[in-house]
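Residue strings, one per chain:
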Amino acid sequence: MRTPLIAGNWKMNMTIADGVALVEELKAALRGVTGADAAVCVPFTLLKSIADALAGGTIALGAQDMFWEPKGAYTGQISAAMLHDVCCTYVIIGHSERRGRFGSIPESWSDELLDAFGDNDAVVNRKVKAALAAGLTPIMCCGETLAERERGITDEVVAGQITAGLAALTAAQVAGLVIAYEPVWAIGTGKVCDPAEGNRVIAGIRAVVRRLLGDAAADGVRIQYGGSASPDNIAEIMAQSDIDGALVGGAALKPSFAEMVKVAAAR
Ligand code: PGA
């Protein structure tokens, strides 16, 4: 009943020329493919060119972050309305590479830098609400670090991120949302989380949503897996009962990303 979503996260990669060439290939490869949604979440500087290149096809456009205020004196920030204006459907919010105390941020950074740079759960919640208000679909990320997994607190960490990230949203809003479960230790490492374990955590996320917001929200929300997903493992990921697609980093930079969408569509 939920349409899977395979979303590419290009991160800080691609020139306009390379990005346009890639989406032209993807667009052609996915012509006529139904049964799964596909999206590419590209750097701000590429949005307009990629939007133009995607026109008339089936692949949706997304951004990788946004600011929560609608407009004003926020030098360097991009609002949800601006993303909507450039034809974005999706926006990634709270990726671990933007959550200050996780992921790729160097340990040598001071607390001041981390606080200034990082998305915490409250910031994620503000951004999710602002994205929805502007008509965008957030892809809200959550996931535990290796240290948290080793301490056996994965489920609590993820439940905390979900509870805080969804605060004050309605069931109808959450039903239309995308959540990406991305174990931080699996991102960009080639160490894919065992799909059965990913499915277990994702089923747990759905149970948290059910407890907080009821059946319509829990049955509607799409929950992706992310972390070293690739053409080699997508079939096993998509074979899981609760996984509604994938958020794909490195493997989204190649034309074979289209194969991942086709596997999801064939489920
Ligand atoms: P990866 O990245 O597929 O390169 O591990 C996934 C992500 O960070 O969204």
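If you're wondering where the values come from, they're calculated on a predicted model, not measured in any experiment.

A. How the structure looks around the pairing of strand β7 (residues 222-226). Of all 5 residues in β7, 5 are buried; the element is thus mostly enclosed. By the alternation rule, side chains of β7 split into R222, Q224 and G226 and I223 and Y225, which are all buried. In this structure, strand β6 (residues 178-181) lies alongside β7, joined through 4 bridges in parallel fashion. Paired with V178 across the strands is R222, a residue of β7. Where β7 lies against strand β8 (residues 245-248), 2 bridges are found, and the strand directions are parallel. In the strand pairing of β8, Y225 is matched with A246.

B. A look at the site of the ligand. K11, H95, E182, G188 and S228 are the nearest of the 13 residues found near the ligand. The side chain of E182 places a nitrogen or oxygen atom 2.7 Å from an oxygen atom of the ligand. Separating an oxygen atom of the ligand from a backbone N or O atom of S228 is a distance of 2.7 Å. In isolation the ligand has 290 Å² of accessible area, and contact with the protein removes 94% of it. Within the shell around the ligand, the residues separate by chemical class into 4 nonpolar, 7 polar and 2 charged.

C. Structural view of the packing of helix α5 (residues 121-133) against helix α7 (residues 154-165). Where α5 meets α7, the axes come as close as 8 Å, and the angle between the chain directions of the two elements is 45°. Considering their axes alone, α5 and α7 lie oblique with respect to each other. Relative to α7, α5 is oriented so that their crossing is right-handed. Residues D121, V124, N125 and V128 of α5 form the contact with α7, whose participating residues are G160, Q161, A164 and G165. Split into classes, the residues belonging to the contact of α5 with α7 amount to 3 nonpolar, 4 polar and 1 charged.

D. Inspection of the packing of aromatic side chains at higher detail. If you walk through the whole model with that rule in mind, you get 2 aromatic pairs. Arranged with centres 5.0 Å apart and planes meeting at 50°, the rings of F67 and Y74 form a pair that is tilted. With a relative accessible area of 12%, F67 lands in the buried category. Looking at Y74, the relative accessible area reads 35%, which means it is partly exposed. Three or more aromatic residues joined by ring pairs make a cluster, and in this case those are F67, W68 and Y74.

E. Spotlight on the sheet that holds strand β1 (residues 5-9). Around the barrel, which closes on itself, the 8 strands sit in the order β1-β2-β3-β4-β5-β6-β7-β8 with parallel pairing between neighbours. Across the sheet, the axes of successive neighbouring strands diverge by a mean angle of 25°, strand direction being ignored. In terms of strand pairing, strand β5 (residues 137-142) meets β6 through 4 bridges, oriented parallel. Bridge pairing in β6 links M140 to I179. Sheet strands touched by helix α2 (residues 47-54): β2 (37-41) and β3 (59-63). Its angle to β3, the strand with the most contacts, is close to 170°. Across the sheet, helix α12 (residues 257-265) is in contact with β1, β2 and β8; its angle to β1 comes to roughly 160°.

F. Here's a closer look at the pattern of salt bridges. Under the defined criterion, the tally for this structure stands at 18 salt bridges. Between K48 and D52 there is a salt bridge, with the nearest N and O atoms lying 2.8 Å from each other. Taken together, the positions of K48 and D52, both in helix α2 and 4 residues apart, correspond to about one turn of that helix. Put simply, K127 and D65 hold a salt bridge, and the shortest N to O gap is 2.9 Å. Of this pair, K127 sits in helix α5 while D65 sits in the loop between β3 and α3 (80-85); the two residues are 62 residues apart in sequence, bridging distant segments of the chain. Summarising the burial analysis for this pair, K127 and D65 share the class buried. Residues joined by salt bridges that share partners form a network here, namely R2, R206, D242, D244 and R267.

Analysis parameters
- Residues numbered from 1 in each chain as written.
- Predicted model: local features only at pLDDT ≥ 70, side-chain atom pairs only at ≥ 80, totals over all residues.
- Heavy atoms only, no water.
- Buried < 20%, exposed > 50% of the residue type's maximum accessible area, 1.4 Å probe, protein only.
- Helix = DSSP H or I, 4+ residues; strand = E, 2+ residues; numbered from the N terminus.
- Pairing = 2+ DSSP bridges.
- Near = heavy atom within 4 Å.
- Polar contact = N/O pair within 3.5 Å; in protein donor to acceptor, adjacent residues only side chain to side chain.
- Areas by Shrake-Rupley, 256 points an atom, 1.4 Å probe, with all protein chains shown as cover.
- Nonpolar A, V, L, I, M, F, W, Y, C, P; charged D, E, K, R; others polar.
- Axes fitted to C-alpha atoms, helices over the stretch in contact; angles between N-to-C directions.
- Parallel < 35°, antiparallel > 145°, perpendicular 65-115°, else oblique.
- Left-handed = near helix turned anticlockwise from the far one by under 90°.
- Contact = heavy atoms within 4.5 Å.
- Phe/Tyr/Trp six-rings, centres within 6.5 Å; stacked < 30°, edge-to-face > 60°.
- Salt bridge = Lys/Arg side-chain N within 4 Å of Asp/Glu carboxyl O.

So yeah, pure geometry; function would need other evidence.
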